Amino acid sequence: MINQVPVSYYLLLGAILFSIGAGGVLIRRNAIVILMCVEMMMNAVNLTFIAFSRYLDSATGQIFVFMVMAVAAVEVAIGLALLVELNRHKQTVNIDEINSLKG
Amino acid sequence: MNDLLLLSPEIIIAVTAFLVLTLDIIWKGDRRSAVILPWVTVAGAVAALLAVVYIWPAASDTYGIATDTGNFVPMLALDRLAIFFKILAVLTVALVGLSAVDFIAQRSPFRGEFYVFTLLAGLSLMLLSAATNLVMIYLSLEFLSISSYVMTAYLRRDDRSVEAAIKYLLYGAVASGVMLYGFSLLYGATGSVDLATIARRIGESQVSLTFVVSAVVMILSGFGFKIALVPFHQWSPDAYEGAPTPVTAFLSVGPKAAGFAVLIRVLVVALPEYSVNWTAILSLVSILTMTVGNLVALWQTNIKRMLAYSSIAQAGYMLIGLAAWSAEPGGWAGNGISGILLFLFAYMFTNLGIFAVAIALENQLGTANIDDYAGLIRRSPYLSIALIIFFLSLIGIPPTGGFMGKLFVFGAAIDRGLYILAGIGILNSVISVYYYFGVVRRAFFVEAEDDTPIRVSPALNLVVTVTMIMTLLIALYGQPFINLANSSAQILAAAF
């Protein structure tokens, strides 16, 4: 008989993943890696939703996760399209070199 | 009334969007797509406005999905607050669509799609301000964000447009991630994603305070990003400067209004039961927002960037109304919140008017520097007069709509004893005179290097005239607008 993993472990894992993602957004300079870090934050949220959904025995959290996955895909599609266009203009995806607007 | 009929404004806008898309494909590369499609957009917006007026008496209930098991899942509210923001959204779509006619035709080979995105963004504003469910709030917020990213990058041959869109997207994605984490914690703490149920569960006080407070703070950062409150404002000057000017006009009004709508709705739920000092938090954010916005606006040389900081400052003033309301949430919700609604209404006309003037100049000169306004009185007296009225309204000097908005918002703060907050708000309005009238000074007292008259297209002329008349009308014949704002805010108090 395997002991059940308590919900708090999942929540903790979700929080750690979210922090790693948020840290990555702040530290990394490559726009594609930043998009990946944002995806990681979204997936940490998904994990939290599913853990709560299981714990509360309600399906709403899982429905929310499907919505989040769909929207995250759309956001990445737009983001990558913009990065392709940026790369055409400037031959870089480093966000420190995207600095023609400031003040 | 039939349920489908109650959704008619949204349906009309969606159908118009797809009609414009289809016509654009049929008329590919044709002059017709540049000439007729903007007017199709405006016709759709006007039809939606009529539909909103038609459903106004029926407003007051929640609408959603009934499941097979007989459960009812509320998704959209059709209260007066939602209807008020529907009016705002529809007017924004019409005015932005009209001011974009020549700008887009001159600069982009893809003409029809711009109006499709404007309409869809308008649809998302309507959905967001009516959402009563975390799922719906999230989906419509992302709908709005994604349409805004695409519109910002619309001139994709232009470096600055693409750069602005990337900055907007990266900030926006992080902000929505943080907000979403807040949603998941709120769901975990209360076991529901419906705002009214969440309010009830919090009221029963069996939920963990730490969870709810941290969740609400994260959610506020997501909404704060949309409204561009300090410290979530860094994206807005870059996005405003790089985006095509009609899109900047939309961004300065649409997302801000919808952000306030959803902020009001969520705070009304989360606020009353809480020992957290919301008044202090909201006051602090409000003071930071207006002060930073005004001070940085002082040394801008680009009109779009200056208006970006100005709109940050304006959001700070609006937040005063929310802080005032939170000081006495049990009382009549009208006071502070109806002030915000009136302020937003006046701000929408004023800001869209200023951007119409800026677009008229940019169409002819190709740049958006404040120095371009030198000698405007000789080049186009009509635009100069309009410019003075709009800037008076942004400062808050009568007889303009901006004065009425500020009067009600600051009045609410003084009424609830928030004297320091109101004082700082008035001080900030005084600072703002310097940079607003810097533009007016150039227009009237600096000699132009080039005296060529500015040609204004009929569509832009219409926008300038309508916004100018409305800006004045809100002050000179204000009672209907005050009543509209009051009744929109009152229903909200009754709903929860």
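Everything below is about the structure printed above this text.
It should be emphasised that the depicted structure is a prediction, and the values quoted were computed from it without experimental measurement.

(A) Just the overall build of chain B, in detail. A tally of helices and strands in chain B yields 22 helices and two strands. Here the C-alpha atoms of chain B give a radius of gyration of 22 Å, agreeing with the 23 Å that 2.2 N^0.38 yields for 496 residues. Its C-alpha atoms put chain B at 70 × 55 × 40 Å along the principal axes. The burial tally for chain B puts 65% of its 496 residues in the buried class. A separation of at least 24 residues holds for 78% of the contacts in chain B among residues at least 6 apart in sequence. Distance from the positive charge centre (25 side chains) to the negative charge centre (27 side chains) of chain B: 4 Å.

(B) The arrangement of the environment of Asn 43 of chain A in detail. Residue and element names in this part refer to chain A. Within the secondary structure, Asn 43 sits in helix α2 (residues 31-56). You can call Asn 43 partly exposed: its relative accessible area is 42%. Counting along the chain gives 26 residues from Asn 43 to Met 69, while the straight-line C-alpha distance between them is 8.2 Å.

(C) Just the interface of chain A and chain B, in detail. Of the residues lining the interface, 41 residues belong to chain A; the matching set on chain B comes to 43 residues. Here chain A packs against chain B, burying approximately 3600 Å² in sum over the two surfaces, 76% of which is carbon and sulfur. It is Phe 64, Leu 82 and Leu 101 of chain A in chain A that bury the most area against chain B; as a group they hold 20% of the surface buried on that side. In this structure, the connection of chain A to chain B is made through three salt bridges. In this structure, Glu 163 of chain B engages Lys 90 of chain A in a salt bridge whose closest nitrogen and oxygen atoms are separated by 3.3 Å.

(D) Inspection of the packing of aromatic side chains at higher detail. All names here are of chain B. Evaluated as defined, the whole model comprises 22 aromatic pairs over all chains. With 6.1 Å between their ring centres and 80° between their planes, Tyr 317 and Phe 410 make a pair best called edge-to-face. With Tyr 317 in helix α15 (residues 303-327) and Phe 410 in helix α19 (residues 401-415), this residue pair connects regions lying 93 residues apart in the sequence. The exposure classification of Tyr 317 matches that of Phe 410, with both residues buried. Over the ring of Trp 56 we find Arg 80, and its NZ or CZ is 4.3 Å from the ring centre. For Arg 107, the ring lying beneath its charged end belongs to Phe 103, and the centroid distance is 3.8 Å.

(E) Region of interest: the nonpolar core. One finds Phe 64 of chain A together with Ile 137, Phe 183 and Leu 322 of chain B to be the most contacted residues of the largest nonpolar core, which totals 220 residues. Considering each element in turn, this core owes the most residues, 20 residues, to helix α16 (residues 334-365) of chain B. Among residues more than four places away in sequence, those in contact with Phe 64 of chain A are Phe 49 of chain A together with Leu 134, Val 135, Tyr 138, Leu 180, Phe 183 and Val 193 of chain B.

(F) Inspection of the pattern of salt bridges at higher detail. Per the counting criterion, the structure on display carries 17 salt bridges over all chains. One salt bridge connects Glu 10 of chain B with Lys 86 of chain B, and the closest N-O pair in it is separated by 2.6 Å. Residue Glu 10 of chain B is found in helix α2 (residues 8-26), and its partner Lys 86 of chain B is found in helix α5 (residues 80-99); the two are separated by 76 residues along the sequence. For the pair Glu 10 of chain B and Lys 86 of chain B, a shared accessibility class is recorded, and that class is buried. Across the pair Lys 167 of chain B and Asp 238 of chain B runs a salt bridge, and its minimum N-O distance is 3.1 Å. Here the residue Lys 167 of chain B occupies a position in helix α9 (residues 159-190), and Asp 238 of chain B occupies one in helix α12 (residues 235-242), the gap between them amounting to 71 residues. For the pair Lys 167 of chain B and Asp 238 of chain B, a shared accessibility class is recorded, and that class is buried. In the salt-bridge network here, residues are joined through shared partners; they are Lys 90 of chain A together with Arg 160, Glu 163, Lys 167, Asp 238, Glu 241 and Arg 305 of chain B.

Reading the values: the criteria
- Residues numbered from 1 in each chain as written.
- Chains lettered and ligands numbered in written order.
- Predicted model: local features only at pLDDT ≥ 70, side-chain atom pairs only at ≥ 80, totals over all residues.
- Heavy atoms only, no water.
- Helix = DSSP H or I, 4+ residues; strand = E, 2+ residues; numbered from the N terminus.
- Rg over C-alpha atoms; globule rule 2.2 N^0.38 Å.
- Buried < 20%, exposed > 50% of the residue type's maximum accessible area, 1.4 Å probe, protein only.
- Contact = heavy atoms within 4.5 Å.
- Lys, Arg positive; Asp, Glu negative; His and termini not counted.
- Charge placed at Lys NZ, Arg CZ, Asp CG, Glu CD.
- Buried area = accessible area lost by both parts, 1.4 Å probe.
- Salt bridge = Lys/Arg side-chain N within 4 Å of Asp/Glu carboxyl O.
- Phe/Tyr/Trp six-rings, centres within 6.5 Å; stacked < 30°, edge-to-face > 60°.
- Lys NZ or Arg CZ within 6 Å of the ring centre and 35° of its normal.
- Core = buried A, V, L, I, M, F, W, Y, C linked by side-chain atoms within 4.5 Å.

Nothing here speaks to function; it is all geometry.
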